[in-house]
Amino acid sequence: MHDSSDQKSYRPDTVLAHVGRHPEDNNGFVNPPVIHASTVLSPTLADMHGHTGRYNYGRSGTPTTEALEEAMTALEGAAGTKLAPSGLGAIALALQSCLSAGDHLLVTDSVYGPTRRFCETVLKRFGVETTYYDPLIGADIAALFRDNTRAVFTEAPGSLTFEMQDIPAIAEVAHARGALVLMDNTWATPLCYAALAHGVDLSIHAGTKYIVGHSDVMIGTVSANEKAWPALQAAHRDLGLHVGPDDVYLALRGLRTMGVRLRQHQENALTVATWLEARDEVSQVLYPPLESDPGHALWKRDFTGASGLMSLILKPASEAAVAAMVDGLKLFGIGASWGGFESLVIVPQDMASVRTATGWNAEGPLVRLHIGLEDTADLMADLAEGFERLTAAGA
Ligand SMILES: *Cc1c(COP(=O)(O)O)cnc(C)c1O
């Protein structure tokens, strides 16, 4: 915002439209310039040695990267934000900012798969031990703490299985034990979950999803409170992370419309989820805004909205029948990622193998849907034809 002291008093949609823009610094142009840069020139050696300029090197920040950082900092109510080249890069950055050899880390069993892989490869190699916990654990997480537990990594809801977590209860325990709380807040975006206000110290987003919103850029963000900010800044500097200005610009452009897009994703998703619940082929719909969802009470207590990502559990069906259903869908693309304008579907291959602290005993196969901005009547007609193929293929 032109006067950053205003930010607290504006509501989220107003912040989205104005934050991180400084037309007065850019000849009146509405949007910030896309600055392609490595070298920053100093007028004299004394200026260079005295760091008199606002910028000193492309890697350490430009007006373009600062615009997105400023926007995310305002939206998260954070002390500061750093950018990473992908969501996974942001997760790795956040974890590396607060862990050292000999530390112990607690991670939700419902965590995004590649986060678990990072813990089991890089962190393990550098001497950090990870224990996975039941996402429904709440304050009972206290029993898993050791003297060297330095951080808890949460994700709510889980982006495949949609368990909600009692983040404030977990944060209270963690803080009493001197540990930091990290959260993968991608599903909710800063608009639907105020992570830092609920006790999270480092809030992470795969900006690739709803912030970018158009399936054309990979980027990640980490926003930190005062306590976690100095170490985040240092880790970002020392790891040499940098995001190209065109991608930063597209993320910032996506952010401007994230409020309206998300409201439509939520409306569409709730329509489709309610319809799916009533289908004979469906055993359960995993989407916290539904009253039938086991995490609904927590979602209602802590969240201010929802995105368009959900899963459904089918009645028992063969792999071939599920493939017949999914392969023939016309509007749901088969592909990883989500948060763009278009609908997507995936069917994970082996749900049980990605969990170690808790089992996975669903009645049938899990199908994850991203509900895009298409007309829901068309989406439901497409899915209805899919169910006909499923049934025709037999169990
Ligand atoms: C996609 C995703 C990520 C990783 O983001 P990338 O930009 O694909 O690296 C992290 N967390 C969640 C929950 C995601 O869905």
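Position numbers for residues start from 1 in each chain and track the written sequence from start to end. Two thresholds apply to this predicted model, a pLDDT of at least 70 for residue-level local features and 80 or more for giving and counting side-chain atom pairs, whereas whole-chain, interface and lining totals are computed over all residues. With hydrogens and water stripped out, all remaining heavy atoms of the structure feed into the side-chain values.

(A) Structural view of the pattern of salt bridges. We define a salt bridge as a side-chain nitrogen of Lys or Arg found within 4 Å of a carboxyl oxygen belonging to Asp or Glu. Under the counting rule described, the total for this entry stands at 14 salt bridges. Taking the shortest distance from any N to any O, the salt bridge between Arg301 and Asp166 comes out at 2.8 Å. Pair noted here: Arg301 is in helix H11 (residues 296-302) and Asp166 is in the loop between strand E4 (149-155) and helix H6 (167-176), with a separation of 135 residues, a long-range link. Judged by relative accessible area, Arg301 falls into the partly exposed class, the value being 48%. Look at the salt bridges and you will find they share partners, linking Asp166, Arg301 and Asp302 into a network. The helix count covers DSSP runs of H or I at least four residues long, the strand count covers runs of E at least two residues long, and both are numbered beginning at the N terminus. For the exposure calls, accessible area comes from a 1.4 Å probe over protein chains only, and a residue counts as buried if that area is under 20% of its type's maximum, exposed if over 50%, partly exposed in between.

(B) Structural detail: the side chain of Asn26. Take Asn26: it is sitting in the loop between helix H1 (12-18) and helix H2 (45-49). Taking the relative accessible area as the measure of exposure, Asn26 reaches 18% and is therefore buried. We define a polar contact as two N or O atoms separated by no more than 3.5 Å, with the added condition that, inside protein, one atom must be a possible hydrogen donor and the other a possible acceptor, whereas residues neighbouring each other in sequence contribute only through side-chain atom pairs. In this structure the side chain of Asn26 is engaged in a polar contact, spanning 3.2 Å, whose partner is the backbone oxygen of His22.

(C) Representation of unusual backbone geometry. Here Ala156 and Pro157 are connected by a cis peptide whose omega angle stands at -10°. Residue placement: Pro157 occurs in the loop between E4 and H6. Residue Asn27 is not a glycine yet carries a positive backbone phi of 55°. Turning to its location among the elements, Asn27 is positioned in the loop between H1 and H2. Classification of Asn27 as exposed rests on a relative accessible area of 74%. Backbone geometry places His51, a non-glycine residue, at a positive phi of 50°. Of note, His51 is situated in the loop between H2 and helix H3 (63-76). Its relative accessible area of 59% is what places His51 among the exposed residues.

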